[in-house]
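If you want the building blocks of each chain, they are given just below.
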Amino acid sequence: MATIRDVAKHAGVSAATVSRVINDTGYVHDDTRRKIENAIKELHYTPNEVARSLYKRKSRLIGFLLPDITNPFFPELARGVEDKMQENDFRIIFGNSDEDLKKEKEYIQTFVQNNVVGVIASTNHPDADIYRKLRIPVVFLDRTVDNRPSVYADGYEGGKIAAREMIARGSRRITVMQGPASIRPAQDRYQGAIDVLNRHGMDYNVIQTTSFSFTEAGKWAKELFERYPDTDGIIASNDIVATAVLHEALRLGKNVPDDVQIIGFDDIPLSSLLTPALTTIRQPAYDMGRASADLLIQLLENENVDQKIIQMPVTFTERETMRKVGQHGKNYCSRKLID
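Fair warning: this is a prediction, and the values are worked out from it, not measured in the lab.

Visitor: Explain the overall build of the protein to me, please; I cannot follow it from the model alone.
Guide: Along its length, the protein carries 12 helices and 12 strands. Reported as C-alpha extents along the three principal axes, the dimensions of the protein are approximately 85 × 40 × 35 Å. The buried share of the protein, reckoned over its 339 residues, is 52%. Within the protein, residue pairs in contact and separated by at least 24 positions form 70% of the contacts whose partners lie at least 6 positions apart. With the model as given, the accessible surface of the protein reaches about 16200 Å², and the carbon-plus-sulfur share is 46%. Computing the positive centroid from 45 side-chain charges and the negative centroid from 47, the protein places the two 3 Å apart.

Right, dumping it as structure tokens:
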């Protein structure tokens, strides 16, 4: 990989002159500038973004933290963030916390040491002191806390939709899988679901979960069917957990959706590839990522930002893990169900 000294030698100038051209500081004769620019192209030289930011006291680096890169939902968020940032000439330093607060703090420290100008965090700990103490803008993605800048989906409405559709398709012994207590959108989903179930006088049980990860999902699926073997409808906390529930139901010889109906949340790409394909509540992950990047850019450019909290709509994605309305027994028509 070429260095600034290699460029200087190739162009026949000093490293200081190359630095002036790269950082656009001080006068450089046009002929000399052209020699340096040609040398940069020929050697495929890429300036060190961190070094440039330290020299100019101005950075184009953004810190981006995700909780679990193995969950297919988060790469969709990341793609939206990256595309929007790249369009605006920002670069990203990425961290994967594995839902571990200690690891998360280490990444935040790394971001600061690398002179990032802002942070986008999809964290399980949005109220942690590490974020309150940062002196740079922070936007929470798929998370929200204390009216701070954030982009997230309407979990409450998603929970209501899931419960209404479950009732409309004939489930009467429903289990709701409650997401991590520290994540408000997860609690919104849970609250939306139980509000509808209570309003319609439905029997339901609750399984409390503590993360959205692959590693824990199988354990909760087994626990669910051990505790509530006669459950006939499951509202999962996300698609990963719903996938584990589907796998366990089939392993136990249950027919999905005739014996038990399952609905997830997120609409990750895997959902449509399962057999049977997973019915779910779709979050617009890519659009959420772009919106969070746009919000951070506005904050960095000191614009008068009117909307610092952006809640995006969710939609019902019908596939094969739930029956059609009217297909089983004496169903209620979903359009007649009150909110």
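Right, picking up where we left off after that structure.
Visitor: Looking at this model, I keep getting lost on the packing of helix α1 (residues 4–11) against helix α2 (residues 15–23). Mind explaining?
Guide: A packed helix pair is summarised by two numbers, namely the angle formed by the two axes and the spacing between the axes. In contact at an axis separation of 8 Å, α1 and α2 are set at 105° when each is read in the N-to-C sense. When the axis of α1 is compared with that of α2, the two are roughly perpendicular. In this structure, α1 uses Ile4, Val7 and Ala8 to contact α2, whose residues at the interface are Ala15, Val18, Ser19 and Ile22. Its residues placed into classes, the contact of α1 with α2 shows six nonpolar, one polar and no charged.

Visitor: Looking at this structure, I do not really get the pattern of salt bridges. What am I missing?
Guide: Charged atoms that come close allow side chains of opposite charge to pair. Inspection of every chain in the model, using the stated rule, returns 23 salt bridges. Salt bridges linked by common partners bring Glu165, Arg169, Glu318 and Lys324 together as one network.

Visitor: Sorry if this is basic, but what is going on with the sheet that holds strand β6 (residues 173–178) here?
Guide: The mixed open sheet is built from six strands, whose spatial order is β7-β6-β8-β9-β10-β12. Two strands in the sheet have a free side with no partner beyond their single neighbour: β7 (203–208) and β12 (315–317). Recorded for the sheet is a direction-independent mean angle of 20° between the axes of neighbouring strands. Running over the sheet, helix α9 (residues 184–199) touches β6, β7, β8 (233–235) and β9 (261–266) and is turned about 160° from β6. Sitting on the sheet, helix α11 (residues 239–251) touches β6, β8, β9 and β10 (279–282), and the angle it makes with β9 is about 155°.

Visitor: Please explain the sheet that holds strand β3 (residues 118–121) as it appears in this structure.
Guide: Each strand in a sheet pairs with its neighbour through backbone hydrogen bonds, running either in the same direction (parallel) or in the opposite one (antiparallel). Spatial strand order, β2-β1-β3-β4-β5-β11: six strands in an open sheet with parallel pairing. Each edge of the sheet is formed by a strand with only one pairing partner; in this case those strands are β2 (91–96) and β11 (309–312). Strand-to-strand twist across the sheet, computed as the mean angle between neighbouring axes with direction ignored, equals 15°. When strand β1 (residues 61–66) meets β2, the two strands line up parallel, connected through six bridges. Counted as the bridge partner of Ile62 is Ile92 from β2.

Visitor: Help me understand empty space enclosed by the protein, please; the structure alone is not making it clear to me.
Guide: A water-sized probe rolled over the atoms picks out the places where empty space is left. Under the counting rule described, the total for this entry stands at two cavities of 30 Å³ or more. Roughly 100 Å³ of volume is contained in the largest cavity. Surrounding the largest cavity, 16 residues form its lining, Arg189, Tyr190, Ile235, Ala236 and Ser237 being those nearest its centre. Elements with a contribution of two residues or more to the lining of the largest cavity: α8 (155–168), β6, α9 and β9. With four residues, α9 is the single largest residue contributor to the lining of the largest cavity. Across the lining of the largest cavity, the residue classes tally to 10 nonpolar, five polar and one charged. The volume enclosed by the second largest cavity comes to roughly 40 Å³. Lining the second largest cavity we find Asn71, Phe73, Phe74, Asp142, Arg143, Arg189, Phe212, Asn238 and Asp266. Class assignment for the residues of the lining of the second largest cavity results in three nonpolar, two polar and four charged.

Visitor: Looking at this structure, I do not really get the side chain of Ser211. What am I missing?
Guide: For Ser211, the location among the structural elements is in the loop between β7 and α10 (214–227). Note on Ser211: relative accessible area 5%, which makes it buried. There is a polar contact of 3.0 Å between the side chain of Ser211 and the side chain of Ser213.

Analysis parameters
Residues numbered from 1 in each chain as written. Predicted model: local features only at pLDDT ≥ 70, side-chain atom pairs only at ≥ 80, totals over all residues. Heavy atoms only, no water. Helix = DSSP H or I, 4+ residues; strand = E, 2+ residues; numbered from the N terminus. Buried < 20%, exposed > 50% of the residue type's maximum accessible area, 1.4 Å probe, protein only. Contact = heavy atoms within 4.5 Å. Areas by Shrake-Rupley, 256 points an atom, 1.4 Å probe, with all protein chains shown as cover. Lys, Arg positive; Asp, Glu negative; His and termini not counted. Charge placed at Lys NZ, Arg CZ, Asp CG, Glu CD. Axes fitted to C-alpha atoms, helices over the stretch in contact; angles between N-to-C directions. Parallel < 35°, antiparallel > 145°, perpendicular 65-115°, else oblique. Nonpolar A, V, L, I, M, F, W, Y, C, P; charged D, E, K, R; others polar. Salt bridge = Lys/Arg side-chain N within 4 Å of Asp/Glu carboxyl O. Pairing = 2+ DSSP bridges. 1 Å grid on protein atoms, 1.4 Å probe; cavity = no way out; pocket = protein on both sides within 12 Å on 5 of 7 lines; lining within 4 Å. Points joined across faces, edges and corners; volume = space filled by probe spheres on them. Polar contact = N/O pair within 3.5 Å; in protein donor to acceptor, adjacent residues only side chain to side chain.

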